[in-house]
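Residues per chain are reported as follows:
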Amino acid sequence: VIKNVAMGLSVGFVFLNTTLDSSYFGVLFQGNLFIMLGAMTAAPEKVEARAVFYKHADSNFYSSLSYVIGEALAAMPQMLIDVLLFGTFVYWMVGFVPTAASFIIYLLLFFLFTISMGQTMGLLASIAPTKTVVQGGGAVVLLMNVLF
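The text that follows walks through the structure, step by step, so that each part is easy to find.

Parameters and conventions
Per chain, residue numbering runs from 1 following the sequence as it is written. Local features in this predicted model are restricted to residues of pLDDT 70 or higher, and side-chain atom pairs are both shown and tallied only at a pLDDT of 80 or more, whereas totals for entire chains, interfaces and linings draw on every residue. Heavy atoms throughout the structure, all of them, feed into the side-chain values; hydrogens and water do not. A run of H or I in DSSP becomes a helix once it reaches four residues, and a run of E becomes a strand once it reaches two; helices and strands are each numbered from the N terminus. For this analysis, residues touch if any pair of their heavy atoms sits within 4.5 Å. Lining residues are defined by having an atom within 4 Å of a point belonging to a cavity or pocket. Those points lie on a 1 Å grid over the protein atoms alone, cavities being sets where a 1.4 Å probe fits but cannot get out and pockets being open sets with protein on both sides within 12 Å along at least five of seven lines. Grid points are joined across faces, edges and corners, and a volume is the space filled by probe spheres set on the points. Three classes are used, and their members are as follows: Ala, Val, Leu, Ile, Met, Phe, Trp, Tyr, Cys and Pro are nonpolar, Asp, Glu, Lys and Arg are charged, and the others, Gly among them, are polar. Here a helix's expected span is defined as the number of its residues, less one, multiplied by 1.5 Å. Buried means the residue's accessible area, taken with a 1.4 Å probe over protein chains only, is under 20% of the maximum for its type, while exposed means over 50%, and partly exposed covers the values in between. What qualifies as a polar contact is a pair of N or O atoms within 3.5 Å, subject to a donor-acceptor requirement within protein and to the restriction that residues adjacent in sequence count only when both atoms come from side chains. We define the bend at any residue as the angle between the axes fitted to the seven residues before and including it, ending there, and the seven starting there. Counted as positive: Lys and Arg. Counted as negative: Asp and Glu. His and the chain ends are not counted at all. By salt bridge we mean one thing: a side-chain nitrogen of Lys or Arg within 4 Å of a carboxyl oxygen of Asp or Glu.

## Focus: the side chain of Asn-4
- Looking at where Asn-4 falls in the secondary structure, it is placed in helix 1 (residues 2–14).
- Once residues lying within four places of it in the same chain are set aside, the contact partners of Asn-4 are Phe-34, Asp-82, Leu-85 and Phe-86.

## Concerning the layout of surface pockets
- Each pocket or cavity is described by its volume, and for the largest pocket that value is around 800 Å³.
- Every residue lining the largest pocket is counted, 32 residues in all, and those nearest its centre are Lys-46, Glu-71, Gly-118, Gln-119 and Gly-122.
- Of all the secondary structure elements, the ones that give two or more residues to the lining of the largest pocket are helix 1, helix 2 (21–58), helix 3 (64–94) and helix 4 (100–127).
- Per-element accounting of the lining of the largest pocket gives the leading share, twelve residues, to helix 2.
- Partitioning the lining of the largest pocket into residue classes produces 17 nonpolar, nine polar and six charged.

## Looking at helix 4
- With 28 residues, helix 4 ought to run about 40 Å at 1.5 Å a step, and its terminal C-alpha atoms sit 41 Å apart, in line with that.
- Taken residue by residue, helix 4 has Phe-103, Tyr-106, Leu-107, Phe-110, Phe-111, Thr-114, Ile-115, Met-117, Gly-118, Met-121, Leu-124 and Ala-125 as its buried positions.
- The elements touched by buried residues of helix 4 are helix 2, helix 3 and helix 5 (131–147).

## Details of the environment of Ser-126
- With respect to the helices and strands, Ser-126 occurs in helix 4.
- According to the relative accessible area criterion, Ser-126 is partly exposed, its value standing at 38%.
- Through-space distance from the C-alpha of Ser-126 to that of Gly-70 is 15 Å; in sequence the pair is 56 residues apart.
- A polar contact of 2.7 Å, which involves the side chain of Ser-126, links it to the backbone oxygen of Leu-123.

## Overview of helix 2
- Compared with the 56 Å implied by 1.5 Å per residue over 38 residues, the 54 Å span of helix 2 between its first and last C-alpha is a close match.
- At Ala-49, helix 2 shows its maximal bend, which comes to roughly 35°.

## Considering the side chain of Asp-82
- Here Asp-82 lies in helix 3.
- The side chain of Asp-82 sits in the buried core without any salt bridge; Lys-3 is the nearest counter-charge, 5.5 Å away.
- Setting aside residues up to four positions removed in sequence, Asp-82 forms contacts with Asn-4 and Gly-87.

If you want it as structure tokens, here you go:
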């Protein structure tokens, strides 16, 4: 929570009430980079959780699909809090369009990007053999998102 507030204030103050179009793109870039780095740092923990999943899957406790859906749903409340805290500070401090509809669309898109990055890094953690490979692969995913 503190990290999201601090980063939201930091990005908000850097681009406070900007009027340059290029600055709006800078804000969106900073927000997306923040989300990507957050997802990347959470991915190695999922490598350790695989052992528990394999044990449960071998005992036929649940299928892979139910595990993935459960993990995704369990992560959504935290993702929503992250998006609400970071996104609210950034949106109003930067001076984006001050309408409720625009604000909700901004938060929704930000939330969907957070989910997609979390799932992308989760996929990487599920196929990578070690935490080191996850971090390296995460860096490549981050690089591809930044470049394209």
